[in-house]
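Examination of the molecular architecture
The chain contents come next:
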Amino acid sequence: MNTLSKEAEESLESLMLRAQQGDQAAYAKLLGQCERMLKSMLRSQVNNPEDLNDLIQECLISIHKSRHTYQSHRPFKPWMFAIANFRMKDHFRSSYRRNNLEQAFSANLEQEKEDRHVTFGEGLSEQLKDSLDQLPPKQRKLVQMTKIEGYSSKETAKEMGMTETAVKVSVHRSLKRITALLRANKDE
Amino acid sequence: MSNQSLIASLSEEAKISVCSPWGGAMRGLGFSVGFLFLLGSIYSLRPDLALKLAQPVYLTNLILLGLTAIASASVSCWIAIPDLQSPHWVRLLPFIPAGLWALSLVVTLQQIWLNRPELIHPHELNMFCIKNCMLFLLLPGTFQFAQIKRLAPVLPAWSGALSLLLATSMGNFALMLLEQNDGIYHQLAWHLAPTILFTLLGFMVGKKVLHW
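Here's what I pulled together on the structure shown here. Each chain carries its own residue numbering, running from 1 in the direction its sequence is written. All chains are assigned letters beginning with A, and all ligands numbers beginning with 1, in the order in which they are written. Confidence filtering applies because this is a predicted model: local features only for residues at pLDDT of at least 70, side-chain atom pairs given and counted only at 80 or more, and all residues used for totals across whole chains, interfaces and linings. Excluding hydrogens and water, the side-chain values take into account all heavy atoms of the structure.

Focus: the overall build of chain B
For chain B, the count of helices and strands is eight helices and zero strands. Each helix (α) and strand (β) of chain B, taken in turn from the N terminus, gives the series α-α-α-α-α-α-α-α. Each residue is placed in one exposure class: buried if its accessible area under a 1.4 Å probe, protein chains only, is under 20% of its type's maximum, exposed if it is over 50%, and partly exposed if it falls in between. Looking at chain B residue by residue over its 212 residues, the buried ones come to 50%. Should any heavy atoms of two residues lie within 4.5 Å, those residues are counted as being in contact. Sequence separation of at least 24 residues holds for 85% of the intrachain contacts in chain B that already meet a minimum separation of 6. Put simply, DSSP marks the helices as runs of H or I at least four residues long and the strands as runs of E at least two long, and each gets a number from the N terminus on.

Right under this line is the structure:
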């Protein structure tokens, strides 16, 4: 009889009832038991331990936030698992969205790499190379630094011992010349 | 933060007063009835109400709309309490009287078409009814959303849809008592169509607004 009443006293329902009345120890005990149940429920669904822990904490916070909706005459577990289910779906939805975003981002990155490859890499057109070779060495160097290697005009000027304006003017003239050479090649 | 320290900090705020779903439902329904009673005192009841109440179709429609409102108020709050044991079909309950009401309108239209087409007047569509829809819907709908928000809806979209179904059915109920326009086109365009549209809108808005 004693054991029975003790069991009844310690049931999740009675712990929740006591918690709602302000019993902090009962509430801590209840949340501890919830944590264990959630872990065993969610472990099969979430592989990453960090994600699993995050999800358990989210569920515990949700249980805490909605504890005013628990009706003492109703069983506790269906209430708790309904909240856990809700949070789990949320978690999967957001991770699915995140994965999609990551995939889209890496696809973009690949595309960008390919684009760069076409413009400046091995596929640099022969004509462009020829036109660049026809420039005086100093001008070629300036174009290479500013337009291919990505240095700023200021950095290039410092490297080449020139003023920034002189670099800009020289690069502008070189590009003009390259364009003219390319046009001439095209006409031929 | 470890789980143990989270539990320790949460357990410091154990005490809370319990919120009953039926309380929410009664408040939602009570507010709608009170608001429509207020509107009813501003607009007067239709003069031929006694005559209309003697017509079985009119009375049936009125009862169906009342049942839709009661069922929507109750079920929207019921499903806002997390419970895995609640049967899935519960959320569809309010759509039974609402569907029967819609069916009654469609059957009426068909009957008129077949037997007395001269009773159909397309000019009875009055654009001013938009104002009535908004007037009868906005406050009760918003109030029911606020009631649901206080609970923990695990089906927020359905709770939102049922909140606006409550508002539209109560609005239709009141308009049947106040408005003297029984034209079938008017009923379909300004009673049935807004009910469907606003229920769908509640579904979409509820998904966002009632998510917690």
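Structural notes on the overall build of chain A
A count of helical and extended segments in chain A gives nine helices and zero strands. Along the chain direction, N to C, the helices and strands of chain A fall in the order α-α-α-α-α-α-α-α-α. Across the 188 residues that make up chain A, the buried fraction comes to 33%. A sequence separation of at least 24 residues applies to 54% of the contacts in chain A between residues at least 6 apart.

Brief notes about the interface of chain B and chain A
Across the contact, 31 residues belong to chain B and 36 residues belong to chain A. Note on terms: buried area is the combined drop in 1.4 Å-probe accessible area of two parts once they are placed together, counting the loss on both. For the pair chain B and chain A, the summed buried area comes to about 2900 Å², and 62% of that belongs to carbon and sulfur atoms. Together, Asn 3, Ile 16 and Trp 212 of chain B form the three largest contributors to the area buried by chain B at its contact with chain A, with a combined 22%. Between Lys or Arg on one side and Asp or Glu on the other, a salt bridge is scored when a side-chain nitrogen of the former is within 4 Å of a carboxyl oxygen of the latter. There are one salt bridge connecting chain B and chain A. Measuring nitrogen to oxygen at the nearest pair gives 2.3 Å for the salt bridge that ties Arg 74 of chain A to Asp 83 of chain B. A 3.5 Å cut-off defines polar contacts: any pair of N or O atoms within that distance qualifies, except that in protein one atom must be a possible hydrogen donor and the other a possible acceptor, and neighbouring residues in sequence count only when both atoms are side-chain atoms. On inspection of chain B and its partner chain A, the count reaches 15 residue pairs in polar contact (both at pLDDT 80 or more). If you tally residues by element for the side of chain B that touches chain A, the top one is helix α1 (residues 3-11) of chain B, at six residues.

Some points on a nonpolar patch on the surface
Any residue with relative accessible area above 30% and no salt bridge may belong to a patch, with like charges joined within 9 Å and the nonpolar Val, Leu, Ile, Met, Phe, Trp and Tyr side chains within 5 Å. Only the protein chains shown count as cover for residues, with accessible areas throughout obtained via the Shrake-Rupley method and a probe of 1.4 Å. Together, Trp 89, Leu 92, Leu 93, Ile 96, Leu 100, Leu 103 and Val 107 of chain B make up an exposed nonpolar region whose accessible area comes to about 660 Å². Looking at where Leu 92 of chain B falls in the secondary structure, it is placed in the loop between α4 (56-78) and α5 (95-115).

Let's talk about α5 of chain B
Residues and elements named next belong to chain B. Multiplying 1.5 Å by the helix residue count minus one yields the expected span of that helix. Its 21 residues place the ends of α5 29 Å apart at the C-alpha level, agreeing with the 30 Å of an ideal helix rising 1.5 Å per residue. Taken together, the buried positions of α5 are Pro 97, Ala 98, Trp 101, Ala 102, Ser 104, Leu 105, Leu 109 and Ile 112. Buried residues in α5, looked at end-on, bunch into an arc of 150°, giving them a common side. Looking at α5, the residues exposed on the side facing more than 90 degrees away from the buried face are Ile 96, Leu 103, Trp 113, Leu 114 and Asn 115. Against α4, α7 (156-178) and α8 (184-209) lie the buried residues of α5. Here the arc refers to the set of directions running from the helix axis out to each C-beta atom.

Some words on the pattern of salt bridges
Residue and element names in this part refer to chain B. Under the definition given, this model contains nine salt bridges over all chains. In this structure, Lys 52 engages Asp 182 in a salt bridge whose closest nitrogen and oxygen atoms are separated by 2.8 Å. Highlighted residues: Lys 52 in helix α3 (residues 49-53) and Asp 182 in the loop between α7 and α8, separated in sequence by 130 residues. Looking at Lys 52, the relative accessible area reads 12%, which means it is buried. Each of Arg 46, Asp 48, Lys 52 and Asp 182 takes part in one network of salt bridges that share partners.

Quick word on the environment of Met 16 of chain A
One can find Met 16 of chain A in helix α2 (residues 12-20). Residue contacts for Met 16 of chain A: discarding those within four places in its chain leaves Leu 30, Arg 67, Tyr 70, Phe 76 and Trp 79 of chain A.

Describing the side chain of Glu 179 of chain B
You can see Glu 179 of chain B is positioned in the loop between α7 and α8. Within polar-contact distance, the side chain of Glu 179 of chain B engages the side chain of His 186 of chain B at 3.0 Å.

Here we look at the nonpolar core
Within the largest apolar cluster, 35 residues are counted, with the highest numbers of intra-cluster contacts made by Leu 38, Leu 60, Phe 76 and Met 80 of chain A. Apart from the residues lying within four places of it in its own chain, the contact partners of Met 80 of chain A are Cys 34, Met 37, Leu 38 and Ile 63 of chain A. Core analysis: the next-biggest nonpolar cluster, separate from the first, contains 25 residues, Cys 19, Phe 145, Ile 148 and Phe 198 of chain B among them. To form a nonpolar core, buried Ala, Val, Leu, Ile, Met, Phe, Trp, Tyr and Cys residues must be joined to one another through side-chain atoms within 4.5 Å.

So, the side chain of Asp 83 of chain B
Looking at the secondary structure, you find Asp 83 of chain B in the loop between α4 and α5. Residue class for Asp 83 of chain B comes out buried when judged on its relative accessible area of 14%.

Thoughts on the packing of aromatic side chains
Each aromatic pair joins two rings of Phe, Tyr and Trp (for Trp, the six-membered one) with centres within 6.5 Å, and gets the label stacked for planes under 30 degrees apart, edge-to-face for over 60, and tilted for any other angle. Across all of its chains, the model carries 10 aromatic pairs over all chains by this definition. Plain terms: the ring middles of Tyr 70 of chain A and Trp 79 of chain A are 5.5 Å apart, the flat faces sit at 65° to each other, and that makes the pair edge-to-face. With relative accessibility at 1%, the residue Tyr 70 of chain A sits in the buried group. Taken together, a centroid distance of 5.4 Å and an interplanar angle of 25° make the contact between Phe 86 of chain A and Trp 212 of chain B stacked. Here Trp 212 of chain B lies in the segment after α8 and Phe 86 of chain A lies in helix α5 (residues 76-120), a pairing that spans two chains. The burial state of Phe 86 of chain A is the same as that of Trp 212 of chain B; both residues are buried. The structure contains a cluster of three or more aromatic residues connected by ring pairs, namely Tyr 70, Phe 76 and Trp 79 of chain A. Whether a charge lies above a ring is judged from NZ of Lys or CZ of Arg, which has to be within 6 Å of the ring centre and within 35 degrees of the ring normal. The aromatic ring of Trp 212 of chain B is capped on one face by Arg 87 of chain A, whose charged end is 4.9 Å from the ring centroid. Across the ring face of Trp 158 of chain B, the terminal group of Arg 91 of chain B is positioned such that the distance to the ring centre comes to 5.5 Å.

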